[in-house]
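# A look at the structure
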Amino acid sequence: MRVVAVWAVSTLTMLVLAGILPDFQLQLDDGDTITRTAFTAAWGAGAFGLLSALVWPVLVRALLIVPALVLGALVFFLNGSLLLIALRLIPDGRGVAAPETAVVVAAVMSAVASATSTALAVRDDEAYRRRLSRLADRRRRRGSPDTPEPDRDGPPGTVFLQLDGVGHDVLVKAAADGLMPTVAGWLADSSGHRLTPWRTDWSSQTGASQLAILHGSNHDVPAFRWYEKETGTVMVSSRPASALEMQRRAIARTRDGGLLTIDGASRGNLFSGGAGQLALVLSMAARRGKGRRSRSGYFAYFSDPANAVRTALSFAAEVGREIGQSTRARVRKDTPRVKRGGLYPFIRAFATVVERDVVVAAVLGDMFAGRTAVYADLVAYDEVAHHSGPHSRDAEKVLQRLDRSLALIAKIADHTPRTYRIVLLSDHGQSPGETFAAKYGLTLKDLVRAGCGLPVRRRARGTHSASEARDAVRIALHRPPEEEEPEAEHPAKRSDPIVLASGNLGLLSFPDIEGRASREQIDRRHPALLSTLANHPGIGFLLVRSEEHGSVVLGPGGTEVPVAELADGEGPLAVFGTGAAAAVRRTDTFPHVADVMVNSMYDPATGTVHAFEEQIGSHGGLGGEQSRPFLLWPRGMSDPLDTVAAERAEGAPAPPGGGLVGAEAVHRVLTRWLLECSGPQVPVRVEGFAGAARVDEPFPGEEAIDGRGPAADTAHGQERAADGPVHGQEANADVPPHGQGPSARRPPVLREIPLPQSPGD
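Below is a short write-up of the structure. Every value quoted in this text rests on a predicted model; they were computed, and no experiment measured them. (Residues numbered from 1 in each chain as written. Predicted model: local features only at pLDDT ≥ 70, side-chain atom pairs only at ≥ 80, totals over all residues. Heavy atoms only, no water.)

## Notes on the pattern of salt bridges
Let me state the cut-off plainly: Counted as salt bridges are all cases of a side-chain nitrogen of Lys or Arg within 4 Å of a carboxyl oxygen of Asp or Glu. In DSSP terms, a helix is any run of H or I states spanning at least four residues, a strand is any run of E spanning at least two, and both are numbered starting from the N terminus. Here's how the labels work: a residue is buried when its accessible area is under 20% of the maximum for its type, exposed when over 50%, partly exposed in between, all with a 1.4 Å probe on protein chains only.
Here the structure, examined in full by the defined rule, presents 27 salt bridges. We note a salt bridge from Glu560 to Arg519, for which the minimum N-O separation is 2.5 Å. Of the two residues, Glu560 is situated in strand β16 (residues 560–562) and Arg519 in helix α20 (residues 519–525); the sequence distance between them amounts to 41 residues. Residue Glu560 is classed as partly exposed on the basis of its relative accessible area, which comes to 32%. We classify Arg519 as partly exposed; its relative accessible area is 22%. Salt-bridge contacts for Arg672 lead to Glu676; the nearest nitrogen and oxygen are separated by 3.3 Å. In this pair, Arg672 and Glu676 are both assigned in helix α24 (residues 663–678), four residues apart and thus about one turn of the helix distant. Note on accessibility: Arg672 and Glu676 belong to one class, buried. Linked through salt bridges whose partners overlap, the residues forming this network are Glu318, Arg321, Glu322, Arg340, Arg348, Asp394 and Arg401.

## What about the sheet that holds strand β7 (residues 264–267)?
Let me state the cut-off plainly: In this description, strands pair whenever DSSP reports at least two bridges between them. Orientation is described by axes fitted as lines to C-alpha atoms, over the contacting stretch for helices, and by angles from 0 to 180 degrees between their N-to-C directions. Pairs of residues are marked as contacts when any of their non-hydrogen atoms sit within 4.5 Å.
Taking strand neighbours across the sheet as the criterion, the seven strands line up as β4-β21-β10-β3-β9-β7-β8 in an open arrangement whose pairing is mixed. Two strands lie at the open edges of the sheet, namely β4 (193–197) and β8 (277–279), each paired on one side alone. On average, each strand axis in the sheet is tilted by 15° relative to the strand beside it, whichever way the strands run. Strands β3 (157–163), β4 and β21 (630–634) of the sheet are contacted by helix α7 (residues 168–176), whose axis makes an angle of about 140° with β4.

## Here we look at the nonpolar core
Convention followed: Here, the term nonpolar core denotes a set of buried Ala, Val, Leu, Ile, Met, Phe, Trp, Tyr and Cys residues that are joined through side-chain atoms within 4.5 Å.
One finds Phe160, Trp202, Tyr375, Val584, Leu631, Leu670 and Trp673 to be the most contacted residues of the largest nonpolar core, which totals 62 residues. Top element by residues in this core is α24. It accounts for seven residues. In this structure Trp202 touches Leu505, Phe541, Leu543, Ala583, Val584, Thr587, Met597, Asn599, Gly620, Gly621 and Leu622, once residues within four positions along its chain are discounted. Within the second largest apolar cluster, 53 residues are counted, among which are Ala175, Met180, Ala380 and Tyr420.

## Digging into helix α17 (residues 444–451)
Burial analysis of α17 places seven of its eight residues in the buried class, the great majority of the element. Within α17 the residues assigned to the buried category are Leu444, Lys445, Asp446, Leu447, Val448, Arg449 and Gly451. Of the residues one or two after α17, Gly453 is the one with positive phi, at around 75°.

## Section: helix α2 (residues 34–54)
Here is the rule: One less than the number of residues in a helix, times 1.5 Å, gives the span that helix is expected to have.
Counted at 1.5 Å a residue, the expected span for α2 with its 21 residues is 30 Å, and the 30 Å between its end C-alpha atoms agrees. All of the buried residues in α2 are Thr37, Thr40, Ala41, Ala42, Gly44, Ala45, Ala47, Phe48, Leu51 and Ser52.

## Side note on the pairing of strand β10 (residues 420–425)
Within a regular strand, side chains alternate between the sheet's two faces. Of all the six residues making up β10, six are buried; the element is thus mostly covered by neighbouring parts of the structure. Side-chain alternation along β10 places Tyr420, Ile422 and Leu424 on one buried face and Arg421, Val423 and Leu425 on a second face that is also buried. Looking at chain direction, β3 and β10 are connected through six bridges and run parallel. Bridging from a neighbouring strand, Val159 pairs with Ile422 of β10.

## A look at the packing of helix α13 (residues 344–369) against helix α15 (residues 393–413)
Rule in force here: Each angle gets one of four labels, with under 35 degrees taken as roughly parallel, over 145 as roughly antiparallel, 65 to 115 as roughly perpendicular, and the rest as oblique. Crossing handedness follows the turn of the near helix against the far one: under a right angle anticlockwise gives a left-handed crossing, and clockwise gives a right-handed one. Throughout this entry, Asp, Glu, Lys and Arg are counted as charged residues, while Ala, Val, Leu, Ile, Met, Phe, Trp, Tyr, Cys and Pro are counted as nonpolar. The remaining residues, Gly among them, count as polar.
In the contact formed by α13 and α15, the axes pass within 10 Å of each other and the chain directions differ by 15°. By the angle between their directions, the pair α13 and α15 is classed as roughly parallel. Helix-helix and strand crossings are classified by hand; for α13 and α15 the assignment is right-handed. Listed contacts from α15 to Arg348, Arg356, Val360, Val363, Leu364, Met367 and Phe368 of α13 are Asp394, Arg401, Ser405, Leu408, Ile409, Ile412 and Ala413. Looking at side-chain class alone, the contact of α13 with α15 contains nine nonpolar, one polar and four charged residues.

## Digging into the packing of helix α8 (residues 181–188) against α15
Running from amino to carboxyl end, α8 crosses α15 at an angle of 60°, the nearest separation of the two axes being 7 Å. In terms of orientation, α8 and α15 fall into the oblique class. Across from Pro181, Thr182, Val183 and Trp186 in α8, the residues of α15 making contact are Asp403, Leu406, Ala407 and Ala410. Residues belonging to the contact of α8 with α15 are distributed by class as follows: six nonpolar, one polar and one charged.

## Section: the environment of Ser531
Residue position: Ser531 is located in helix α21 (residues 529–534). Along the chain, Ser531 and Gly555 lie 24 residues apart, while their C-alpha atoms are 8.8 Å from each other.

## Structural notes on the pairing of strand β9 (residues 373–378)
Burial within β9 is extensive, with six of its six residues counted as buried. Burial of the side chains of β9 extends over both faces: Ala373, Tyr375 and Asp377 are buried on one face and Val374, Ala376 and Leu378 on the other. Across six bridges, β3 lies against β9 in parallel orientation. Bridging from a neighbouring strand, Val159 pairs with Val374 of β9. Pairing of β7 with β9 involves four bridges; the strand directions are parallel. Pairing of Ala265 across the sheet is with Val374, part of β9.

## Describing the sheet that holds β16
Sheet strands line up and pair through hydrogen bonds in the backbone, either parallel or antiparallel. In spatial order, the strands read β12-β13-β17-β14-β15-β16; together these six strands make up an open sheet with antiparallel pairing. At either end of the open sheet lies a strand with only one pairing partner, and these are β12 (498–502) and β16. Direction aside, the axes of adjacent strands within the sheet are offset by 20° on average. Sheet analysis places strand β14 (residues 539–546) next to strand β17 (residues 596–600), joined by five bridges and oriented antiparallel. The partner of Leu543 across the bridge, within β17, is Met597. α17 contacts β12, β13 (505–509), β14 and β17 of the sheet and is inclined by roughly 150° relative to β12. Helix α22 (residues 580–588) rests against β14, β15 (550–554) and β17 of the sheet, and its axis sits at about 40° to β14.

Right under this line is the structure:
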């Protein structure tokens, strides 16, 4: 019946368009009866629908080599071509349309047919269940005969949804203000979800956090980008080659394939997590061969012409929305403010529309197929908050649209062939504030060059902004990720320092000094540099190695504290909160820590920092909300603090300040949850592990508890496949006692599955 209803609505749409558009007709030149015209419209609508169902997927698969954004533009022309073919199939040549008109007619008919089909499915739950059942049966028939069928009475699957850059406080406020009613409903329901903040490492950015969450280790990831002297290259988390190498190192260190190795799917992430099902995974974009296409998710989504048209229209609307919002900000002279012209409106639309729609559709497909574990990253808020501010109305609008995606996924979970637990989390938050260059009239690089006595540009130029979305767009267009500024990777003189930025964290390296440069070496070469940086009002503290005292933290007024004696709430780290000392100590052990690590100032009264990039919402260092992401989980799952308490009972050091500290700890919590579903390996108790009542509380620990960071051994494993399980991997690094997952993993099976429709805006 739904097919007949959609056919009827498409027929009426074609009749209306024929009456409105001058270059589109369904009659002979001398006219036809109403009945004959209606029959012609029905014939044309049916032929168009049949061609769309049969020919469109073949066309899209054939055009998979075309860049994704170009494919999005071709959607309209291909759809129009199918309509012209359908009109030619009408007897007696009664269907005629100009090519440009055919594009419009095809777009409108696809959108109307999709909306009608979706509305009927929503209103008819039984039909919706039957459709899901058919999809699940089809996938099981294509799968291995040894693969057990999903069962709603069996172990549940788990969907991990990462809301990139959404801090704990931002989520709480959005739920309280009605911006995210789905999240608010989960929190208000006594049998719903629980919420807790967790604390990031010093490097509060997606590369470090997601690597640890998916692969169990972010050892030796000091920032979003960093310089490696032994190879003379800059590692950038959003470059496919760098992401693949980071993933390889993490696997070598943990000797485990990742969180998603067993029947998992990785969607829209920087790293694979060991999943067998991959779509839009950045680290896989550096690989070639069957099953390695990071862009396969585009085919699965755009194979439905209605999806393609809907997303293309939403993309155009988002570009217009960004242009309007940035124009209003300039007219009102809002501060702080950064430039949002050029290609940025298209980059934003890609992150907030294209990536969101494709990733959500992939998640729905995984749920229909009964995957055991799915991890997906939704980057929309992070991209907008960088340029509009984390508390701006622009960012709030994005949160509203993300909540609608969550509602859709939650609704689908009621009809999937197995039950699903939905876990929300974020990888970091964002701290607001004027950029360093806007506040002081010079960039960090300019300040460093001045301290070295080198010439400085008269006019400050903004530092290139780190953006996962920007590099994702370049990959979608088949263009290589943008290189660093030439002077960053290849300074004018080898003795000149290389200056890199990661939010409000800066890194200085001297390429001609072998190994990590010492304070004494830097002072002999540039006597004023360290004092210039440490005493600048926009800088909070420096980390540098001393030949006499070991590594030291330098602050304003000549303050100097050995790293071993750092304490929260004291000295240069006084305003940076609980856990700052331990975070600095841990980073100091990394083999690729920069010669000088520079953290911007932080004002606890306003929560602001000064990013060394062109961002008014930033993350990457210490200070404010950027270090305080969240974890939201169903109440039936074990308490994350139980995992921490269990590790302490086994002899692990107490986390500084208590609570859930570090992305590696989050990985262990997520691993525990997956193991709880597969058997009794982990005890599940009604009360907390330590007998404490389960209540939602603010982040524990006003006072720091001394702890020590992980071992500083360097992990150098043999070259291997980065997305598969590891068996007998030889590595030089010690394996962290709580950082590895199950020892036995099934090898992933790479195959592509068709995905259902996912409504856009």
